[in-house]
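A closer look at the structure
Listed here are the chains, written in short residue letters.
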Amino acid sequence: VAMTPVRHDEGRPTRRCDGADAGPNQYLDLFKKPVQSARVGEHRDLPELLRGASLRVTKPRVALLDAIGAHPHADTESLIEAVRGELPLVAHQTVYDALHALTDAGVIRRIQPSRSVARYELRVGDNHHHIVCRTCGVIADVDCAVNDTPCLTASDDQGFLIDEAEFTMMGFINSDGCKVMKPR
């Protein structure tokens, strides 16, 4: 599906996946990429996922995708450990190279919350956000609010054609689910 530039009633360019006119309250649709959003567990045919992205199917890539699906928001070292559980002789560099190739191809998403190392997830192609516990570092996905998406509208777009927004919320887990005791 081709992305077609259109104009708002205010004269600023916006994009719609279907080429239809975008009204001022349809910002969420502007940020949907033509790729289907992947959620953990939806891609059990990992080799087909790689082929669909025009990537070679290799054992390390399949093992890495499986690890990311099993451990969403995992960091690189955790993923290397998980891949080595399946492929004990895999090199660090092989995993790093696979992460780079999968991210560049849009198969996985790299996020890096404030004061955190890079983390990876299978959920791509939608405009979801993240919430991070300040105490234990747990990260959870947060879907955009429907019909109320102020985070997708820049007060001044500075001439940019905005096609993605990233927003990270920080806070504390408000139950006994936190791995670390909350500060008082």
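These remarks concern the structure in this document. (Residues numbered from 1 in each chain as written. Predicted model: local features only at pLDDT ≥ 70, side-chain atom pairs only at ≥ 80, totals over all residues. Heavy atoms only, no water.)

1. Describing the nonpolar core
Under the convention used in this document: The nonpolar core is taken to be a set of buried Ala, Val, Leu, Ile, Met, Phe, Trp, Tyr and Cys residues, with the residues joined through side-chain atoms within 4.5 Å. Exposure classes here rest on a 1.4 Å probe applied to the protein chains alone. A residue is buried below 20% of its type maximum, exposed above 50%, and partly exposed in between. We count a stretch as a helix when DSSP gives it H or I for four or more residues in a row; a strand needs E for two or more, and each element gets its number in order from the N terminus. By the convention used here, residues are in contact when the closest approach between their heavy atoms is within 4.5 Å.
In this structure, Leu64, Leu65 and Ile108 are the most contacted members of the largest nonpolar core, which totals 24 residues. For this core, the secondary-structure elements that each account for two or more residues are helix H2 (46–52), helix H3 (59–70), helix H4 (76–86) and helix H5 (92–104). Of all the elements, H3 adds the most residues to this core, at five residues. If near-sequence neighbours (up to four positions away) are discounted, isoleucine 108 is found in contact with Leu65, Ile68, Leu99, Leu102, Thr103, Tyr120, Glu121, Leu122 and Val124.

2. Concerning the pattern of salt bridges
Oppositely charged side chains may form a pair once their charged atoms are brought near each other. Counted only if it meets this: Each reported salt bridge corresponds to a side-chain nitrogen of Lys or Arg within 4 Å of a carboxyl oxygen of Asp or Glu.
Counted according to the given criterion, the structure contains five salt bridges. Glutamate 121 is the partner of arginine 109 in a salt bridge, and the nearest nitrogen-oxygen pair spans 3.7 Å. Highlighted residues: arginine 109 in strand E4 (residues 109–111) and glutamate 121 in strand E5 (residues 119–121), separated in sequence by 12 residues. Look at glutamate 121 and you get buried, because its relative accessible area is 1%. The shortest N-O distance in the salt bridge between arginine 123 and aspartate 143 comes to 2.2 Å. With arginine 123 in the loop between E5 and strand E6 (129–133) and aspartate 143 in the loop between strand E7 (139–142) and strand E8 (168–171), this residue pair connects regions lying 20 residues apart in the sequence. Residue classification places arginine 123 among the buried positions, given a relative accessible area of 6%. Residue aspartate 143 is classed as partly exposed on the basis of its relative accessible area of 46%.

3. Quick word on the environment of phenylalanine 167
The residue phenylalanine 167 is located in the loop between E7 and E8 in this model. Assessed through its relative accessible area of 38%, phenylalanine 167 is described here as partly exposed. For the pair phenylalanine 167 and valine 142, spaced 25 residues apart in the sequence, the C-alpha separation amounts to 9.7 Å. Ignoring any residue separated from it by four or fewer positions in sequence, one finds phenylalanine 167 in contact with His129 and His130.

4. Considerations on the sheet that holds E5
Put simply, the rule reads: One requirement defines pairing of two strands: DSSP has to find at least two bridges between them.
Pairing is antiparallel in the open sheet, where three strands are placed in the order E3-E5-E4. Each edge of the open sheet is held by one strand with a lone partner, namely strand E3 (74–75) and E4. As defined by bridge partners, E4 adjoins E5 across three bridges and the pair is classed as antiparallel. Bridge pairing links isoleucine 111 to arginine 119 in E5.

5. With respect to the pairing of E6
The buried fraction of E6 amounts to four of the five residues, a majority that puts the element mostly inside the structure. Here E6 hands over to E7 after five residues, with glycine 137 in that stretch at a positive phi of 85°. Bridge count between E6 and E8: four bridges; the pairing is parallel. Looking at E8, one finds that histidine 130 is bridged to threonine 168.

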